[in-house]
Amino acid sequence: SVAMALIIVTIELNSVLVEQFDITGGPLAAIADVPLDYAGYGIVALFLVSWIVAAAIWRFGHVRNAGPRTSLPETLRVANMTHLAVVFA
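Residues numbered from 1 in each chain as written. Predicted model: local features only at pLDDT ≥ 70, side-chain atom pairs only at ≥ 80, totals over all residues. Heavy atoms only, no water.

**With respect to unusual backbone geometry**
- Residue D22 is not a glycine yet carries a positive backbone phi of 50°.
- As for its placement among the helices and strands, D22 is situated in the loop between α1 (2-20) and α2 (26-32).
- The exposed category is assigned to D22, whose relative accessible area is 62%. (Helix = DSSP H or I, 4+ residues; strand = E, 2+ residues; numbered from the N terminus. Buried < 20%, exposed > 50% of the residue type's maximum accessible area, 1.4 Å probe, protein only.)

Structure follows, in structure tokens:
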């Protein structure tokens, strides 16, 4: 969401600067000419790409089977789980 806001703010701020300083060429003028409709398509594409990457990491990175990451010895982990089972039973 922050990246999306930065994209929109950059385009809008750039448009104001180009208009105020009467810039007619170069990369600033090119960015200022980008319609926000196209920026919206880019934002949707960025969301889709980030969702696909997250799903791929979850699926192929075996995140769902990783289990808790802890440095406790096995005996303490089992004792803690037994204690939790008694508390919540």
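**What to know about a nonpolar patch on the surface**
- On the surface, I7, I8, L36 and L46 cluster together into a nonpolar patch covering about 280 Å² of accessible area.
- Breaking the nonpolar patch down by element, the ones donating at least two residues are α1 and α3 (36-60).
- Relative to the helices and strands, I8 resides in helix α1.
- Look at I8 and you get partly exposed, because its relative accessible area is 35%. (Patch = residues over 30% accessible without salt bridge, like charges linked within 9 Å, V, L, I, M, F, W, Y side chains within 5 Å. Areas by Shrake-Rupley, 256 points an atom, 1.4 Å probe, with all protein chains shown as cover. Salt bridge = Lys/Arg side-chain N within 4 Å of Asp/Glu carboxyl O.)

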